Amino acid sequence: MDKIIAPKLRKGDTVGLLAVSGDIKDFSRIEKAKVLFEQQGYNVVVSDTAKTRKNYLCAEDETRAQTLNEFFKNPDIKAIIACRGGYGAIRILDKIDYETIKNNPKFFGGYSDITALQLMIYKKTGLVTYNAPMAYSDFGTEINDYTKQSFFNALKNDI
């Protein structure tokens, strides 16, 4: 299978902040991440699952998978950044539309539990994904300038 590299981002492109694992206990951190991305010149869409909770997860398995699939289908969203890890991503691996992902390659970043999604996406589609800071866990807190600059350079394929 050929490796797929997502197109680079430009100012004005839309970044999706996607919750597909653990619940978001403090939504103000997602808002802080959103503002940071907007300050970098991007439009931002936050998944509805960032605002819901199902026990310790952000939503039911089907809802989380459907949201991921919708973010990849949406032609306006050029990059997807996971909000956070935490148990739950592995539960949706069999519900992901890998053909849609293959046909709509986007920058997809995260770490921790999100790694299960990244590895399966690469295995099934060839899309290269990125171990990257996340909205809630990193951009929603105090992130150092080196990490922030390195991330935004990678997002633009300017490395």
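In what follows, the accompanying structure is described. (Residues numbered from 1 in each chain as written. Predicted model: local features only at pLDDT ≥ 70, side-chain atom pairs only at ≥ 80, totals over all residues. Heavy atoms only, no water.)

1. Focus on the sheet that holds strand 1 (residues 14-18)
The pairing of strands in a sheet happens through backbone hydrogen bonds and is either parallel or antiparallel.
Consideration 1: With parallel pairing, five strands are arranged side by side in an open sheet as 2-1-3-4-5. In the strand order of this sheet, the two ends are held by strand 2 (43-46) and strand 5 (130-131), each with one partner.
Consideration 2: Of the strand pairs in this sheet, strand 4 (residues 107-110) and strand 5 are connected by two bridges, and their pairing is parallel. Following the sheet pairing, G109 is matched in strand 5 by Y130.
Consideration 3: Where helix 2 (residues 61-73) meets the sheet, its contacts fall on strand 1, strand 2, strand 3 (77-82) and strand 4, and the angle it forms with strand 1 comes to roughly 175°. (Pairing = 2+ DSSP bridges. Helix = DSSP H or I, 4+ residues; strand = E, 2+ residues; numbered from the N terminus. Contact = heavy atoms within 4.5 Å. Axes fitted to C-alpha atoms, helices over the stretch in contact; angles between N-to-C directions.)

2. Considering helix 1 (residues 27-39)
Consideration 1: In a regular helix each residue adds 1.5 Å, so 13 residues correspond to 18 Å; helix 1 covers 19 Å between its end C-alpha atoms and thus fits that length.
Consideration 2: The set of residues buried in helix 1 consists of I30, A33, L36 and F37. Looking down the long axis of helix 1, one finds its buried residues gathered within 120° of arc, a one-sided arrangement.
Consideration 3: Residue G41 follows helix 1 closely and has a positive phi angle near 100°. (Expected span 1.5 Å × (residues − 1). Buried < 20%, exposed > 50% of the residue type's maximum accessible area, 1.4 Å probe, protein only. Arc of directions from axis to C-beta.)

3. Observations concerning the side chain of N69
Consideration 1: Mapped onto the secondary structure, N69 falls in helix 2.
Consideration 2: Overall, the relative accessible area of 10% leaves N69 in the buried class.
Consideration 3: Contacts of N69, omitting those with residues within four sequence positions, involve K95, I96, D97 and T100.

4. A look at the nonpolar core
Consideration 1: Ranked by internal contacts, the top residues of the largest apolar core, which has 26 residues, are L17, F37, C83, F151 and L155.
Consideration 2: Looking at this core, the elements that each hand over two or more residues are strand 1, helix 1, strand 2, strand 3, helix 5 (135-139) and helix 6 (145-155).
Consideration 3: It is helix 1 that provides the largest number of residues to this core, a total of four residues.
Consideration 4: In this structure, A6, A82, I101 and M134 belong to the second largest nonpolar core, which totals 23 residues. (Core = buried A, V, L, I, M, F, W, Y, C linked by side-chain atoms within 4.5 Å.)

5. Some points on unusual backbone geometry
Consideration 1: Here N55, not a glycine, exhibits a phi torsion of approximately 60°, which is positive.
Consideration 2: By secondary structure assignment, the location of N55 is in the loop between strand 2 and helix 2.
Consideration 3: Phi is positive for S112, which is not a glycine, with a value near 60°.
Consideration 4: With respect to the helices and strands, the residue S112 is situated in the loop between strand 4 and helix 4 (114-125).
Consideration 5: You can call S112 partly exposed: its relative accessible area is 45%.

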